[in-house]
Structures are given as structure tokens and as C-alpha cells.
Amino acid sequence: MRNTLRLTLREGRPAFGSWIQFADPATAEVMACAGFDWLGIDLEHSAIDLGAAATLIQIVDLAGCAPLVRLSANDPVQAARVMDLGACGVIVPAVQSAAEARRAVDAVKYRPQGTRGVGLGRAHGYGARFAEYLAENAEGSIVIPMIEQREGVERIEEILHVAGVDGVFIGPYDLSASYGVAGELHHPLVGQAMRQVVDAARATGKAAGIHVVHPPVTQVAERLAEGFRLIAYRGDMLFLTPAALEAVEQLRSLEVS
Ligand code: 3PY
Ligand code: MG
């Protein structure tokens, strides 16, 4: 399963996922059992701490879904710790240069590909499968820099050329903010930046990813047609909020006789 996601990306097939922002095991289990290819456990925009992340990684993993972790920042210590907990890989916010991408790869991979410290944890079968994990780490671990700043778009080629980078992932909200049009996800400036990123990714044979924040799902079809392959569709919070709002709207519209 761990190598499967990386293989899917390498072969240019779609990998459908979503975000986990609630630090709640039952919610994570619902999401993991729904059948997504991967789930992104979000340490950047949530109250999920390392202890909760450990539980969420376990739940997602044991349900047969690939757990990726979005780090709260490009922090090698946090990256190594979530990898030791059994994350398949990391999504790294706001990467703006090859040096920053290299820092993320170094944190995830053991020598010679990186510089991650070697120690046993859940990833290594709690000590029972160290040799297998060494091979998995070299071949299967995933590093995805997020492109969500103008600087990252301008340096997209150098970021994609870093060995060990499997693809890049667009954060549409930050990207729109970086172009001075925060929240206007369909603004032409944002669309142009997105096209630059997806075209560069296709040229290097690496995966382009994006968060499709809101329905309809036809937006995912449009992204797939543009060449995006690593798709995060909505998220636990973004499934619950519209459903709750709609329920209340329906309740308020009921006639009381
Ligand atoms: C963004 O839109 O900036 C994100 O990080 C989405 O996940
Ligand atoms: Mg962002």
C-alpha cells in the first residue's frame, strides 16, 4: 500500500484523497473507511498535535488508506517524527525554492538520499521490520512541496528537479492571497499560476496536485483534464459544514401548522 501511492503518481494515474483537520479518531475512521486512496492529516490548519497525529496515522493506515501528513512548517524534526509514526510521506507548506524542497527530502529520507536520523518506531513495525522499512523509505516515501506563493511558482522548475520530490501540490487559498486576490480561486492570475505549475510538473513527469475545496465534483474532472493527478477533494470539516448548514436551512423552511 505504501509503495502503491508513489507508483500511482509515477504512472500518472489519479490519486483521490481528502483532508483530516479534526483531531478525532472516529471522524478519521469514517474518512479512512470511505475508500480514498490517501488522506492528508493536516498539522498546519488544525489543532492536531503530534500525539493525535500518531493515532490518526494508525487509523488511516490500518484502514488500508495511505496517510500523508501536511507539516505545520518545513520542519525536519516534525517530518522525521511523523515518518517514524508511519506516515507514507509529507506535504510541506509554502515551499519557495530548491533549497527548501531539498530540506524536506533530507528530513524524510535516510542516507544516502537524505539525512534523516535512524531510529526504530511504528514505521519499522515497532522494531520488527527495520530492513523492509529501509527499502520502503528509499522507494516508497513521498515528498510533496506545496506551491502556494508567487515565489514557488516562479521557481517551479528548480523545485521539481530536486531528487526525491515526487510532485507538487497547490494550495489555492494561499496562492490566491499571494497574488493579491485572497479567496478568488478562479481569478485569472491564479489560473495562470496553476497552469504554469501543472505544465512544469507534466514536463518533468512528476505529479501535480491540488486541493479542490468545494463541490461540485465536476471541478475535479476539470483539474484532471488540466493534468492534475494528486487530488484532495474537500475534507472532514468541509463535508460537515455544508451538510449542517443545509440541514438547518431545511429545518427553518418547514411550515409549522
Ligand atoms: C491553501 O489553499 O492554501 C491550502 O493550503 C489548502 O489546503
Ligand atoms: Mg495553504
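Residues numbered from 1 in each chain as written. Chains lettered and ligands numbered in written order. Predicted model: local features only at pLDDT ≥ 70, side-chain atom pairs only at ≥ 80, totals over all residues. Heavy atoms only, no water.

**Student:** Quick rundown of the site of ligand 1? Include the residues and the values.
**Tutor:** Looking at ligand 1, the residues that line it are W19, R70, M146, E148, G171, P172, Y173, D174 and H211. In this structure, an oxygen atom belonging to ligand 1 sits 3.1 Å away from a main-chain N or O atom of P172. Y173 has a polar backbone atom sitting 2.6 Å from an oxygen atom of ligand 1. When atoms are counted within 2 Å of each cavity's grid points, the one that captures over half of ligand 1 is the largest pocket. No other element matches the three residues that helix α9 (residues 172–178) contributes to the shell around ligand 1. Of the residues belonging to the shell around ligand 1, the class tally is four nonpolar, two polar and three charged. (Near = heavy atom within 4 Å. Polar contact = N/O pair within 3.5 Å; in protein donor to acceptor, adjacent residues only side chain to side chain. 1 Å grid on protein atoms, 1.4 Å probe; cavity = no way out; pocket = protein on both sides within 12 Å on 5 of 7 lines; lining within 4 Å. Sits in = over half its atoms within 2 Å of the grid points. Helix = DSSP H or I, 4+ residues; strand = E, 2+ residues; numbered from the N terminus. Nonpolar A, V, L, I, M, F, W, Y, C, P; charged D, E, K, R; others polar.)

**Student:** An account of the packing of aromatic side chains is requested, with residue identities and associated values reported.
**Tutor:** The full count for this structure, using the stated rule, is four aromatic pairs. Between W19 and W38, the aromatic rings sit 6.1 Å apart at their centres with planes inclined by 85°, giving edge-to-face as the arrangement. Here W38 lies in strand β2 (residues 38–42) and W19 lies in strand β1 (residues 15–20), a separation of 19 residues in the sequence. According to the relative accessible area criterion, W38 is buried, its value standing at 0%. Centroid distance W19 to F169: 5.9 Å. Interplanar angle 85°. Geometry classified as edge-to-face. Here the residue W19 occupies a position in strand β1, and F169 occupies one in strand β6 (residues 167–170), the gap between them amounting to 150 residues. Note on W19: relative accessible area 2%, which makes it buried. By the ring-pair criterion, three or more aromatic residues cluster together here, those being W19, W38 and F169. (Phe/Tyr/Trp six-rings, centres within 6.5 Å; stacked < 30°, edge-to-face > 60°. Buried < 20%, exposed > 50% of the residue type's maximum accessible area, 1.4 Å probe, protein only.)

**Student:** Give a detailed account of the layout of surface pockets, specifying residues and quantitative values.
**Tutor:** If a probe the size of a water molecule is rolled over the atoms, the empty space left behind becomes visible. In this model, the largest pocket occupies a volume close to 280 Å³. Along the walls of the largest pocket sit 16 residues, with Q21, H45, R70, Y173 and H211 positioned nearest its centre. Counting residues per element, the ones that place at least two in the lining of the largest pocket are α9 and α12 (236–252). Counting residues per element, the lining of the largest pocket draws most heavily on α9, at three residues. Here the lining of the largest pocket is composed, by residue class, of seven nonpolar, four polar and five charged. (Points joined across faces, edges and corners; volume = space filled by probe spheres on them.)

**Student:** Which residues make up the packing of helix α4 (residues 76–84) against helix α5 (residues 98–108), and what values do they have?
**Tutor:** As a packed pair, α4 and α5 sit with axes 8 Å apart at the nearest point and diverge in direction by 40°. The handedness of the crossing between α4 and α5 comes out as right-handed. Facing P76, A79, A80 and M83 of α4, the residues of α5 in contact are R103, A107 and V108. When the residues that make up the contact of α4 with α5 are grouped by side-chain class, the tally is six nonpolar, no polar and one charged. (Axes fitted to C-alpha atoms, helices over the stretch in contact; angles between N-to-C directions. Left-handed = near helix turned anticlockwise from the far one by under 90°. Contact = heavy atoms within 4.5 Å.)

**Student:** Tell me about α4, residues and numbers included.
**Tutor:** Structural remark: α-helix, 3.6 residues per turn; residues separated by three or four positions point the same way. Among all positions of α4, only Q78, A79, A80, V82 and M83 are buried. At its buried positions, α4 is contacted by α3 (50–62), β3 (66–70), β4 (89–92), α5 and α6 (130–140). Of the residues that open α4, the one with a side-chain oxygen 2.9 Å from the backbone nitrogen of V77 is D75. Directly after α4, the chain includes G86, whose backbone phi takes a positive value near 110°.

**Student:** Account for the coordination of the magnesium ion (ligand 2), naming residues and giving values.
**Tutor:** For the magnesium ion (ligand 2), the full set of protein donor atoms is E148 (OE) and D174 (OD), and the range of their distances to it is 2.1 to 2.2 Å. Separated by 26 residues along the polypeptide, E148 in the loop between β5 (142–147) and α7 (150–154) and D174 in helix α9 bring together distant segments of the chain. (Donors = N, O, S within 2.8 Å, 3.2 Å for Na, K, Ca; no water.)

**Student:** Got a sec to walk through α3? Specific residues and values, please.
**Tutor:** Helix length check: α3 (13 residues) gives 18 Å between terminal C-alpha atoms against 18 Å at 1.5 Å per residue, within 8%. Restricting attention to buried positions, one finds in α3 the residues A52, A53, A54, L56, I57, I59, V60 and D61. Structurally, the start of α3 carries an N-cap: the backbone nitrogen of G51 is 3.2 Å from a side-chain oxygen of D49. Following α3 by one or two positions, G64 adopts a phi angle in the positive range, close to 85°. (Expected span 1.5 Å × (residues − 1).)

It is worth stressing that arrangement in space is one thing and function is another; only the former is reported here.
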